[in-house]
Amino acid sequence: MLKIWGRVNSVNVKKALWCLEELGLEYERVDAGMQYGVVNSPEYRKMNPNGLVPTIDEDGFVLWESHSIIRYFSAKYGKGVLWPIDERTRAVANQWMDWAFSFQLNFRNLFWGLVRTPPEKRDLNSIEEARKKCAEMLGILDAALADRHYLSGAFSMGDIPMGCHTQLWMRLPIERPRHPNLEAWFERLCARPAYKKIVDIALS
Ligand SMILES: N[C@@H](CCC(=O)N[C@@H](CS)C(=O)NCC(=O)O)C(=O)O
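The notes below deal with the structure included here. (Residues numbered from 1 in each chain as written. Predicted model: local features only at pLDDT ≥ 70, side-chain atom pairs only at ≥ 80, totals over all residues. Heavy atoms only, no water.)

Our focus in this paragraph is the layout of surface pockets. Computed from the structure, the largest pocket encloses a volume of approximately 620 Å³. If you go around the largest pocket, you meet 27 residues; those closest to its centre are Arg7, Ser10, Asn12, Val53 and Gln104. Put simply, the parts of the chain that give the lining of the largest pocket at least two residues each are helix H1 (11-22), helix H4 (87-115) and helix H6 (160-171). Grouping the amino acids of the lining of the largest pocket by side-chain chemistry returns 12 nonpolar, 10 polar and 5 charged. (1 Å grid on protein atoms, 1.4 Å probe; cavity = no way out; pocket = protein on both sides within 12 Å on 5 of 7 lines; lining within 4 Å. Points joined across faces, edges and corners; volume = space filled by probe spheres on them. Helix = DSSP H or I, 4+ residues; strand = E, 2+ residues; numbered from the N terminus. Nonpolar A, V, L, I, M, F, W, Y, C, P; charged D, E, K, R; others polar.)

Written as structure tokens, this is what we have:
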């Protein structure tokens, strides 16, 4: 049985879970990270020496790094769907997956500042700086979506990481510039049952 460790409110865990759900795979999820602990136990560190989530164990095959997990399962079970067959299309999907980590570097200050920091401890300047930088970066995504419904044409693994970050961006109580193509893409993602179940949950 496929096992995955990670709390449901982790954006990187959501990426892996959304992928598994899109592929219709059965799995057992174990709460781990933050208030659940687990990640510092010797057993967990043996699997994932980073002490981070997510980690998967598929019949003894252990893998961590959310985007590597997405790529592995997409290649194994989603050829022609999550895993584009055409090399160039797949390269574009990979490009957006890698870019999501650059976005995440900026987005982290915004999300942690507003959601996981008590109001009296918030650094409002750093939150505003992160909001502006994220808005600017999302302008790049918006432009890329001007001539396509999904980041690499048809829906693929390339949509998963930024799809998860975009949900957080859209649900935060912040000022957002209009990004019509991004908003339309987000609506398309929201129409997917797996996205609704795993990704579009309350912020915490
Ligand atoms: N690049 C890694 C980053 C993993 C990561 O930073 N995970 C965070 C949650 S989003 C974590 O484990 N934080 C510590 C915790 O939850 O205890 C990945 O994408 O899997």
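Pairing is mixed in the open sheet, where 4 strands are placed in the order E2-E1-E3-E4. The sheet is open, and its two borders are formed by strand E2 (28-30) and strand E4 (61-64), each paired with just one other strand. Strand-to-strand twist in this sheet, taken as the mean axis angle between neighbours without regard to direction, amounts to 20°. Helix H3 (residues 66-77) rests against strand E1 (2-5), strand E3 (55-58) and E4 of the sheet, and its axis sits at about 130° to E4. (Pairing = 2+ DSSP bridges. Axes fitted to C-alpha atoms, helices over the stretch in contact; angles between N-to-C directions. Contact = heavy atoms within 4.5 Å.)

A word on the site of the ligand. Taken together, Arg7, Ser10, Asn12, Gly33, Met34, Leu52, Val53, Pro54, Glu65, Ser66 and Phe101 make up all the residues around the ligand. In this structure, an oxygen atom belonging to the ligand sits 2.7 Å away from a main-chain N or O atom of Met34. Here an oxygen atom of the ligand and a backbone polar atom of Val53 are 2.8 Å apart. In isolation the ligand has 510 Å² of accessible area, and contact with the protein removes 76% of it. When atom positions are compared with the pocket grids, the ligand is found to occupy the largest pocket. Each residue belonging to the shell around the ligand can be placed in one class, and the counts come to 5 nonpolar, 4 polar and 2 charged. (Near = heavy atom within 4 Å. Polar contact = N/O pair within 3.5 Å; in protein donor to acceptor, adjacent residues only side chain to side chain. Areas by Shrake-Rupley, 256 points an atom, 1.4 Å probe, with all protein chains shown as cover. Sits in = over half its atoms within 2 Å of the grid points.)

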